[in-house]
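The primary structure of each chain is shown beneath.
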Amino acid sequence: DQVLHIMPETLQQVQHLQLLCSTLMLDLWKPLLPEDIRAGEDLHIRVPAPLVQEVKDSLDQFMISYRVLIPDVQKLVDQSMPRERSSHRQVSGGYVYTEYHPMDEIYQWMTQIQKNNSELVTQHFLGKTFENRTMYYLQISQPSNKPKKIIWMDCGIHAREWISPAFCQWFVKEILQNYKTDSNISRFLQNLDLYVLPVLNIDGYIYSWEEDRLWRKNRSPYKNGTCYGTDLNRNFNSSWGSVGVSFNCSSDVFCGLGPESEPETRAVAQFIKSKKSDILCYLTIHSYGQLILTPYGSTNEPPSNNEELMQVAKEAAAALTGKYGTSYRVGSTASILYSNSGSSRDWAHTIGIPLSYTFELRDTGTHGFVLPADQIQPTCEETM
Amino acid sequence: VTELSPSHFSAARAAAVALGYLRYLRGGPGRGLGLRQLRSARRQDIDDVGHKYYLELELEDVLDKARTVSCTAEVLYQLGSKTSAPDVQVTVQGELRSTEEADQEFYSRIRSLENELVAENIPDSHGNVPPELEPIHLLAWVASGYVIWQNSSENTKFHLAQVKHVKQVKRNDEDLQFDFVVLLHDMVSQEVLPWQVTLLWHPQRGARVSQ
């Protein structure tokens, strides 16, 4: 956020400023009310970061002179009153991976990660959410002249599952911190590219921070804005709408008006479709339950490569248990959890991605969705 | 009687009912029981009666995780009954850690409060519970254990997601009374449902839900 010092000279400029303040609901520091803005008297306005460019453009358009009084409000606040959450631990440039982070911090983190690891990481546009927020994925790719297969991992398709985005961030950090020294990771990266989407359901995630911690769906409005949200993990084009869903918008498993009706679903599906011949493995991270789930949810029919899917999953579960003794169960969604249709994991498998898994991270119900932050580290370490 | 994989959803759902019942029966401000593992499950379809599950559970005391205790449970879902709770029988093998001292301490502390205790959002969004509220948190487990037991069917799997609100109500008798609003998450429908439940508790007499 910035604070601008503005000097309106004419009545027309004053009127424009009053309009700008009320339309954008800007935070007037001096004077306190728009009606007290006068020609010849200076103004101080705090402009939220996303609006800074727009406001400056508007001032330029009306030839209103201004200068930046405070270039970074948060920095000033932090300096005067150190936030308890800013730990002094230096972890990848000061980011604390053992805490849950709101979306604006995750956006900043992605930018930093790309900046600090530009030889390996690139940030890419995937699409836009319903509320018009940008979805980015990180591509971790070691430059090479041979074509590489892809492993895709998305987190945060369900807003309340906070441990999931925390894991994606942890995962990226671990890879980047250790790829030079860990022979497994370096071998991995010689042959594979990693694509990580840290938060798929951005609007929902923000809503779970600001309004309702236990929100699950996205934030598309229905019925004239009286009902919100589609369950994105029932919205994919895999036996869509057939089982384990509701057609009632108020349900937490509302599957939307049709397969891929949601912009978030489309953004992911379009991208994966475009790369599907190169994607070896599709992973989607959820909580809770401590499960590694294989296709399918909509039927008890096993997928064609069920033996391979199960074997890999069992080895993964064993490795996971080896770390802290946490036990994970392995099996198809239909047998372990319930019937469902329209899941991203099932869809990925049906379009031809052979290894397709849903991870349900800690725990098994003791804390459920509100997993304490002190479990972020062990959860992520064992899942690595 | 058929053997079920303990991973199978019907076994897991019956285990959640047994756990709810156990928490109601044996939980307290100094003891919270968790399910460490479902060791085995069998199911019996009884004509004209319902479906009965035979379970072997391994329980842990969340305040003393090194220790586990075995337990067998029988959960009978009655046929066609929308309004009656599953019948549950449990046998705990072995001793649970005594909480006499902690219970008495908690009881005295609450009785001596000048203002009635009120709290919200336990745990908070980040999963934190202030230490002085942990006993209240565990009493919420007792209360929600009752609600889960009473309201479960073969098509639900409830867990306590969060305590939305708790208010102590001072009484003229010796019981402590807590009015809870608990949020229960049903894994099957994915809904989070608020439930009001009033719990009475006494260090010697234990807990009961007041209707």
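Predicted model, so just to flag it, every value in this text is computed and none were measured.

Draft legend 1. Geometry of the overall build of chain A. Check the secondary structure of chain A and you find twelve helices and 14 strands. Summarising its shape, the C-alpha atoms of chain A cover approximately 80 × 50 × 45 Å along the three principal directions. Residues classed as buried in chain A amount to 56% of the 384 residues present. If you take every contact in chain A between residues at least 6 apart in sequence, the share linking residues at least 24 apart comes to 71%. A total of about 17000 Å² of accessible surface is found on chain A, and carbon and sulfur atoms cover 51% of it. Side chains of chain A carry 34 positive and 43 negative charges; the gap between the two charge centres is 4 Å.

Draft legend 2. Representation of the packing of helix 4 (residues 103-116) of chain A against helix 5 (residues 163-178) of chain A within the structure. All names here are of chain A. Across the interface, helix 4 lies against helix 5 with an axial gap of 12 Å and an inter-helix angle of 15°. Judged on the interaxial angle alone, helix 5 and helix 4 are roughly parallel. Judged by the twist between their axes, the crossing of helix 4 over helix 5 is left-handed. On the side of helix 4, the interface is formed by Ile106, Trp109 and Ile113, while helix 5 contributes Gln169, Val172 and Leu176. Among the residues making up the contact of helix 4 with helix 5, the classes are represented as five nonpolar, one polar and no charged.

Draft legend 3. Quick peek at the confidence of the model for chain B. Scored by pLDDT, chain B comes out at a mean of 95, with 99% of its residues at no less than 70. With a pTM of 0.81, the predicted complex shows an ipTM of 0.89.

Draft legend 4. Representation of the interface of chain A and chain B. With 27 residues of chain A at the interface, the matching set in chain B holds 27 residues. For the chain A and chain B pair, buried surface summed over both sides reaches about 2200 Å², with 52% attributable to carbon and sulfur atoms. The interface formed by chain A and chain B contains zero salt bridges. Looking at which element gives the most residues to the side of chain A that touches chain B, the answer is helix 10 (residues 333-336) of chain A, with three residues. Its residues placed into classes, the side of chain A that touches chain B shows 15 nonpolar, seven polar and five charged.

Draft legend 5. Focus on the environment of Gln139 of chain A. Residue and element names in this part refer to chain A. Assignment of secondary structure puts Gln139 in strand 6 (residues 134-140). Separated by 13 residues in the primary sequence, Gln139 and Trp152 have C-alpha atoms spaced 9.4 Å apart. Other than its neighbours up to four places away in sequence, Gln139 contacts Leu120, Val121, Thr122, His124, Asp193, Leu194 and Tyr195. Reaching out from Gln139, the side chain makes a polar contact with the side chain of Tyr195 at a distance of 3.5 Å.

Draft legend 6. Representation of the environment of Arg266 of chain A within the structure. Residue and element names in this part refer to chain A. Locating Arg266 in the fold gives a position in helix 8 (residues 263-275). When the C-alpha atoms of Arg266 and Thr350 are compared, they prove to be 16 Å apart, with 84 residues separating the residues in sequence. Apart from residues lying up to four places away in sequence, Arg266 is in contact with Glu260 and Ser261. Within the structure, the side chain of Arg266 is placed 3.1 Å from the backbone oxygen of Ser261, a separation counted as a polar contact.

Draft legend 7. Highlighting the domain arrangement of chain B. Residues and elements named next belong to chain B. If you check the domain split of chain B, you get domain 1 (2-93) and domain 2 (99-210). Each partner contributes to the interface: domain 1 provides 24 residues, whereas domain 2 provides 25 residues. Between domain 1 and domain 2, a total of about 2200 Å² is buried, with carbon and sulfur atoms accounting for 67% of that surface. Counting across the domain 1 and domain 2 interface gives one salt bridge. For the salt bridge of Arg43 with Glu154, the shortest nitrogen-to-oxygen distance reads 3.5 Å. At the boundary of domain 1 and domain 2, one finds five residue pairs in polar contact (both at pLDDT 80 or more). Listing elements by their share of the side of domain 1 that touches domain 2, those giving two or more residues are helix 1 (9-26), strand 2 (33-46) and strand 3 (50-61). Per element, the largest residue contribution to the side of domain 1 that touches domain 2 is eight residues, and it comes from helix 1. Within the side of domain 1 that touches domain 2, the residues separate by chemical class into 14 nonpolar, six polar and four charged.

Draft legend 8. Spatial organisation of helix 6 (residues 183-191) of chain A. Residues and elements named next belong to chain A. Listed in full, the buried residues belonging to helix 6 are Ile185, Ser186 and Leu189. The buried residues of helix 6 all sit within an arc of 95° when viewed along its axis, so they share a single face. Within helix 6, the exposed residues directed more than 90 degrees away from the buried face are Ser183 and Arg187. Next to the buried residues of helix 6 lie strand 6, helix 5 and strand 8 (192-197). With a side-chain oxygen positioned 2.8 Å from the backbone nitrogen of Asn184, the residue opening helix 6 is Asp182.

Draft legend 9. The arrangement of the pattern of salt bridges in detail. Summed over all chains, the structure comprises 25 salt bridges over all chains. Between Asp346 of chain A and Arg345 of chain A there is a salt bridge; the shortest N-O distance is 2.9 Å. Exposure class is identical for Asp346 of chain A and Arg345 of chain A. Each is buried. Here the salt bridges share partners, and the residues they tie into one network are Asp61, Asp64, Arg67 and Arg97 of chain B.

Draft legend 10. Region of interest: empty space enclosed by the protein. Residues and elements named next belong to chain A. Under the criterion given, the structure shown has four cavities of 30 Å³ or more. What the largest cavity holds in volume is close to 150 Å³. Lining the largest cavity are 21 residues, and of these Asn233, His286, Leu337, Tyr338 and Glu360 sit closest to its centre. When residues of the lining of the largest cavity are traced back to their parent elements, those giving at least two are strand 11 (279-287) and strand 14 (355-361).

Draft legend 11. Seen up close, the pairing of strand 1 (residues 2-7) of chain A. Residues and elements named next belong to chain A. Of all the six residues making up strand 1, five are buried; the element is thus mostly covered by neighbouring parts of the structure. Bridge analysis of strand 1 against strand 3 (residues 43-47) gives five bridges, and the strand direction is antiparallel. Residue pairing in the sheet places His5 in a bridge with His44 of strand 3. In this structure, strand 1 lies alongside strand 4 (residues 65-70), joined through five bridges in antiparallel fashion. Across the sheet, residue Ile6 finds its bridge partner in strand 4, namely Tyr66.

Draft legend 12. Summary view of helix 2 (residues 100-111) of chain B. Residue and element names in this part refer to chain B. Between its first and last C-alpha atoms helix 2 spans 16 Å; for twelve residues at 1.5 Å apiece the expected length is 16 Å, and the two agree. Listing the buried residues of helix 2 in full gives Asp103, Phe106, Tyr107 and Ile110. End-on, the buried residues of helix 2 take up no more than an arc of 100°, which puts them together on one face. Projecting away from the buried face of helix 2 at angles above 90 degrees are the exposed residues Glu101 and Glu105. Elements in contact with the buried residues of helix 2: helix 3 (134-151), strand 7 (158-169), strand 8 (176-186) and strand 9 (192-202).

Cut-off values and rules
- Residues numbered from 1 in each chain as written.
- Chains lettered and ligands numbered in written order.
- Predicted model: local features only at pLDDT ≥ 70, side-chain atom pairs only at ≥ 80, totals over all residues.
- Heavy atoms only, no water.
- Helix = DSSP H or I, 4+ residues; strand = E, 2+ residues; numbered from the N terminus.
- Buried < 20%, exposed > 50% of the residue type's maximum accessible area, 1.4 Å probe, protein only.
- Contact = heavy atoms within 4.5 Å.
- Areas by Shrake-Rupley, 256 points an atom, 1.4 Å probe, with all protein chains shown as cover.
- Lys, Arg positive; Asp, Glu negative; His and termini not counted.
- Charge placed at Lys NZ, Arg CZ, Asp CG, Glu CD.
- Axes fitted to C-alpha atoms, helices over the stretch in contact; angles between N-to-C directions.
- Parallel < 35°, antiparallel > 145°, perpendicular 65-115°, else oblique.
- Left-handed = near helix turned anticlockwise from the far one by under 90°.
- Nonpolar A, V, L, I, M, F, W, Y, C, P; charged D, E, K, R; others polar.
- pLDDT = per-residue confidence, 0-100.
- Buried area = accessible area lost by both parts, 1.4 Å probe.
- Salt bridge = Lys/Arg side-chain N within 4 Å of Asp/Glu carboxyl O.
- Polar contact = N/O pair within 3.5 Å; in protein donor to acceptor, adjacent residues only side chain to side chain.
- Domains from an automatic or database assignment.
- Arc of directions from axis to C-beta.
- 1 Å grid on protein atoms, 1.4 Å probe; cavity = no way out; pocket = protein on both sides within 12 Å on 5 of 7 lines; lining within 4 Å.
- Points joined across faces, edges and corners; volume = space filled by probe spheres on them.
- Pairing = 2+ DSSP bridges.
- Expected span 1.5 Å × (residues − 1).

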